[in-house]
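# Structural description and commentary
Here are the chains, one letter per residue:
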Amino acid sequence: MAVRESENRRVGRDPEKLLTLEEASRQIGLPADDVEAMVRSGKLPAFRLGGSLLRIKLQDLQGLKRPAPDRRKTDPQGAKKDRLFDFFYFNDFYLVALLVILTLLALIFTL
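Structural notes, computed from the coordinates. Note that residues are indexed from 1 along each chain, following the sequence as it is written. Owing to the predicted nature of the model, reporting of local features is limited to residues with pLDDT of at least 70; listing and counting of side-chain atom pairs is limited to 80 or more, with chain, interface and lining totals taken over all residues. Side-chain metrics rest on all non-hydrogen atoms present in the structure, leaving aside hydrogens and water.

## Description of the overall build of the protein chain
Put simply, DSSP H or I for four residues or longer makes a helix, DSSP E for two residues or longer makes a strand, and each gets a number counted from the N terminus. When helices and strands are tallied, the protein chain shows six helices and three strands. We call a residue buried when its accessible area falls under 20% of the maximum for its residue type, exposed when it is over 50%, and partly exposed in between, using a 1.4 Å probe and counting protein chains only. Of all 111 residues assigned to the protein chain, the portion counted as buried reaches 14%. Any pair of residues with heavy atoms lying within 4.5 Å of one another is described as a contacting pair. Within the protein chain, contacts between residues separated by at least 24 positions form 39% of all contacts whose residues are at least 6 apart in sequence.

Written out as structure tokens, the structure reads:
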């Protein structure tokens, strides 16, 4: 006796969408190794079918895709601090070089 497709489904609920490791990695745009590492570390819930097939729920994956709120949009003062920090972080070599050159010039012309 064959089982009909309608009888095979759970009544009253949509079946949950389960993704393989490769499908999940394509969904969030990360390599499969990174997704597997997230599963091992517990950051991404997953389960194994038959002890070897790794499956991830689509709902859990969509929770990862939500971007964190940008602090610069909500806190203009924080945006100014971030820009100032970025300026010194990316230009520290040039600022130190300028100080060394000015110090050498001061030493040359004052002696």
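## Considerations on the nonpolar core
Take the buried residues of types Ala, Val, Leu, Ile, Met, Phe, Trp, Tyr and Cys, join any two whose side-chain atoms come within 4.5 Å, and each joined set is a nonpolar core. Listed in full, the ten residues of the largest apolar core are Leu19, Leu21, Ala24, Val35, Met38, Val39, Leu44, Leu54, Ile56 and Leu61. Those elements that place two or more of their residues in this core are α2 (21-28), α3 (32-41) and β3 (53-57). Per element, the largest residue contribution to this core is three residues, and it comes from α3. Apart from residues lying up to four places away in sequence, Leu21 is in contact with Ala32, Val35, Glu36, Leu54 and Ile56.

## Notes on the packing of α2 against α3
In this analysis, axes come from line fits to C-alpha atoms, helices being fitted only over the stretch in contact, and the angle between any two N-to-C directions falls in the range 0 to 180 degrees. Put simply, α2 and α3 touch, their axes get as near as 9 Å, and they point 105° apart. Viewed along their axes, α2 and α3 adopt a mutual orientation that is roughly perpendicular. In contact with Leu21, Ala24, Ser25 and Ile28 of α2, α3 contributes Ala32, Val35 and Glu36. Nonpolar residues are Ala, Val, Leu, Ile, Met, Phe, Trp, Tyr, Cys and Pro. Charged residues are Asp, Glu, Lys and Arg, and all others, Gly as well, are polar. Here the contact of α2 with α3 is composed, by residue class, of five nonpolar, one polar and one charged. Roughly parallel means an angle under 35 degrees; roughly antiparallel means over 145; roughly perpendicular covers 65 to 115; every other angle is labelled oblique.

## A word on the pairing of β3
Each regular strand shows side chains that alternate between the opposite faces of the sheet. One requirement defines pairing of two strands: DSSP has to find at least two bridges between them. Of the strand pairs in this sheet, strand β1 (residues 18-19) and β3 are connected by two bridges, and their pairing is antiparallel. Among the inter-strand pairings, Leu18 is bridged to a residue of β3, identified as Lys57. Pairing between strand β2 (residues 47-49) and β3: three bridges, direction antiparallel. By the bridge assignment, Leu49 is partnered in β3 with Leu53. Linking β2 to β3, which pair antiparallel, is a turn of three residues; within it Gly50 sits at a positive phi near 65°.

## Observations regarding the sheet that holds β2
Taken together, three strands build an open sheet; the order of strands is β1-β3-β2 and the sheet is antiparallel. Whereas interior strands pair on both sides, the edge strands pair on one side only; in this sheet they are β1 and β2.

## Quick notes on the packing of aromatic side chains
Geometry of an aromatic ring pair is reported as the spacing of the ring centres plus the angle between the planes. The rule is short: rings of Phe, Tyr and Trp, with Trp giving its six-membered ring, pair when the centres are within 6.5 Å, and they are stacked under 30 degrees, edge-to-face over 60, tilted in between. Evaluation of the coordinates by the stated rule reveals four aromatic pairs. Ring geometry for Phe87 and Phe88: centres 5.4 Å apart, planes at 75°, overall edge-to-face. Relative to Tyr94, the ring of Phe93 has its centre 5.6 Å away and its plane inclined at 75°; by these criteria the two rings are edge-to-face. By the burial criterion, Phe93 is exposed, and Tyr94 matches it. Of the aromatic side chains, those joined through ring pairs into one cluster are Phe85, Tyr89 and Phe90.

## Considerations on α2
Of all the positions in α2, only Leu21, Ala24 and Ser25 are classed as buried. End-on, the buried residues of α2 take up no more than an arc of 100°, which puts them together on one face. Positive backbone phi, at 75°, marks Gly29, one or two positions downstream of α2. This arc is built from the directions going out from the helix axis to the C-beta atoms.

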